[in-house]
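Coordinates in review
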Amino acid sequence: MNAPRAFSQRLSTRIVALFLGLLLVVQVASFSAIGASLGRHARSGLPDKLDVGGRELQSLLDQQAQKLTEGARLLAADYGFRSAVQSGDAETIVSVLENHGARIGATETALLGTDFAVRAASGRELSDFSAQIARLAARATASGGSSASEIALLDGRAHQVVLVPMKAPVLVGWVLMGFPLDARLAADMKSLAALDFTLLARAGNDAPWRTIVTSLSNETAASLAQGGWDARHDASAHAGAAEPAGLQSVMQGGAEYGLQARWLTPAPHGDAADAEHGGAVAALLSLSVDEAVRVPQADGSIKPEPRMDLSAVTDTFMSMARLPLSANVLFTTVMASHMPFVGRG
């Protein structure tokens with residue numbers, strides 16, 4: 001009698017083990033399918049997110065340019081400043097340029113003549129920036145004598161530069177102002193578009209890109225600057241001047257990033273080098289795929305879905321398999337311990 005009973009127990013154990021094994025396979029397959037689906041969904045949504053971020057970046061730059069233009073117009077309309085310009089009082093001109101620039105946060109201010117030659121400047125000599133001044137002068141002339149603006153690399157730093165006419169009432173000169181692009185732009189992009197922002201610059205075509213401003217870690221930003229993004233996309237963005245390069249996927253530090261490059265400085269024509277145009281500035285908009293796979297949590301936050309190791313499911317299965325036939329498990333739930341609330345899964 002003992003042999004049939006033992007055989008019956010072994011058969012029952014095998015049946016239980018078979019069903020638990022099938023349950024484990026189903027759970028693992030579901031876990032893998034859900035993870036893959038979240039990844040595909042995140043990647044499919046990256047282009048739209050980066051395009052929206054690009055429009056947000058342009059909006060921020062336009063707002064800054066408008067603020068700087070208004071500040072330059074106020075200076076150009078100041079009666080005391082115009083009087084100093086007409087009388088040729090160089091000391092007063094420089095003093096007013098410095099004071100007004102400091103009030104609005106401009107680090108570069110200058111007075112240009114009607115021929116766009118530099119007559120006075122605050123802080124430094126602007127003769128090295130003749131390429132930027134020539135481009136702004138061409139734009140202002142083409143628009144009928146109105147203001148002009150662009151992003152330029154001045155003394156190794158990215159600036160937003162504006163050129164505004166000064167009239168009394170006829171044209172007597174031009175006011176130039178430059179505002180540095182700093183960490184505030186990266187912070188605004190992070191808070192408004194939920195994207196990482198890296199500002200790169202280089203002095204010439206053969207010079208390496210270097211990081212000016214970033215919301216990423218210094219190591220990740222430095223790696224991206226040294227070629228983590230495809231240089232061929234750089235050429236397409238350069239040719240279009242304002243058009244973004246296509247979406248790229250790059251690996252940095254074991255993490256995958258969706259990335260879009262945008263050329264901010266005007267594109268040189270033909271084989272002209274960046275150095276002949278005063279350097280180049282590019283913006284990299286990026287988002288970690290892991291960060292993109294963020295879902296609403298039970299506590300109202302939006303964060304990456306908590307994960308757990310597959311070994312936790314295996315250990316649970318083995319614990320159930322070791323139970324004697326006299327014991328039964330009605331149901332069990334295995335979940336990541338970082339779920340906001342029990343029952344979230």
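Quick look at the structure, then. Just so it is clear, the model here is predicted, and its values are computed rather than measured. (Residues numbered from 1 in each chain as written. Predicted model: local features only at pLDDT ≥ 70, side-chain atom pairs only at ≥ 80, totals over all residues. Heavy atoms only, no water.)

Moving on: the pattern of salt bridges. When the charged atoms of two side chains lie near each other, side chains of opposite charge can form a pair. Taken as a whole, this structure holds four salt bridges when the rule is applied. A salt bridge links Arg73 to Glu70, with the shortest nitrogen-to-oxygen separation between them at 3.3 Å. Here Arg73 and its partner Glu70 are both found in helix α1 (residues 2-77), three residues apart, which amounts to about one turn of the helix. On the basis of relative accessibility, which here comes to 39%, the residue Arg73 falls in the partly exposed class. Judged by relative accessible area, which is 35%, Glu70 ranks as partly exposed. We note a salt bridge from Arg135 to Glu150, for which the minimum N-O separation is 2.6 Å. Here Glu150 lies in strand β3 (residues 148-154) and Arg135 lies in helix α4 (residues 130-142), a separation of 15 residues in the sequence. Taken as a pair, Arg135 and Glu150 share a single burial class, namely buried. (Salt bridge = Lys/Arg side-chain N within 4 Å of Asp/Glu carboxyl O. Helix = DSSP H or I, 4+ residues; strand = E, 2+ residues; numbered from the N terminus. Buried < 20%, exposed > 50% of the residue type's maximum accessible area, 1.4 Å probe, protein only.)

Let us look at the sheet that holds strand β10 (residues 280-288). Read across the open sheet, the five strands follow the order β7-β6-β10-β9-β8; overall the sheet is antiparallel. Whereas interior strands pair on both sides, the edge strands pair on one side only; in this sheet they are β7 (210-214) and β8 (248-252). Each strand axis lies, on average, 35 degrees off the axis of its neighbour in the sheet, ignoring direction. On the sheet, helix α5 (residues 183-193) packs against β6 (196-202), β7 and β10 and is oriented at approximately 145 degrees with respect to β6. (Pairing = 2+ DSSP bridges. Axes fitted to C-alpha atoms, helices over the stretch in contact; angles between N-to-C directions. Contact = heavy atoms within 4.5 Å.)

Let's shift gears to helix α9 (residues 310-321). Taking 1.5 Å of rise per residue, twelve residues should cover 16 Å, and α9 covers 17 Å from first to last C-alpha, within 8% of that figure. Val313, Phe317 and Met320 are the residues of α9 that are buried. Down the axis of α9, the sector holding all buried residues measures 65 degrees, keeping them to one side. (Expected span 1.5 Å × (residues − 1). Arc of directions from axis to C-beta.)

What follows concerns the nonpolar core. By size, the foremost hydrophobic cluster in this structure holds 23 residues, and its most contacted members are Leu57, Phe197, Leu199 and Val281. Among the elements that line this core, the one with the most residues is α1, at five residues. (Core = buried A, V, L, I, M, F, W, Y, C linked by side-chain atoms within 4.5 Å.)

Before going further, it helps to examine the pairing of strand β9 (residues 255-263). Counting buried residues in β9 gives nine out of nine residues, a clear majority hidden from the surface. Side chains Ala255, Tyr257, Leu259, Ala261 and Trp263 project from β9 onto one buried face, and the interleaved Glu256, Gly258, Gln260 and Arg262 project onto a second face that is buried too. Here β8 runs beside β9; their pairing, made up of five bridges, is antiparallel. Bridged to Met251 within β9 is Glu256. Bridge count between β9 and β10: seven bridges; the pairing is antiparallel. Each residue of the ladder has a partner; that of Gln260, found in β10, is Leu285.

Within this structure, the stated rule accounts for two aromatic pairs. Ring geometry for Trp209 versus Trp263: centroids 5.7 Å apart, planes at 85 degrees, classification edge-to-face. With Trp209 in the loop between β6 and β7 and Trp263 in strand β9, this residue pair connects regions lying 54 residues apart in the sequence. Among the residues examined, Trp209 registers a relative accessible area of 8% and is labelled buried. Using a relative accessible area of 5% as the deciding quantity, one classes Trp263 as buried. (Phe/Tyr/Trp six-rings, centres within 6.5 Å; stacked < 30°, edge-to-face > 60°.)

Look at helix α2 (residues 79-87) against helix α3 (residues 90-104): their axes get within 8 Å of each other, and the N-to-C directions meet at 145 degrees. As for how α2 packs across α3, the hand of that crossing is left-handed. Between α2 and α3, the residues in contact are Phe81, Ala84 and Val85 and Thr92, Ile93, Val96 and Leu97, respectively. (Left-handed = near helix turned anticlockwise from the far one by under 90°.)

So, on to the environment of Ile93. Inspection of the secondary structure puts Ile93 in helix α3. With 28 residues separating them in the primary sequence, Ile93 and Ala121 have C-alpha atoms 8.5 Å apart. Once you skip the residues sitting within four places of it in the chain, Ile93 turns out to touch Phe81, Ala84, Val85, Leu111 and Ala120.

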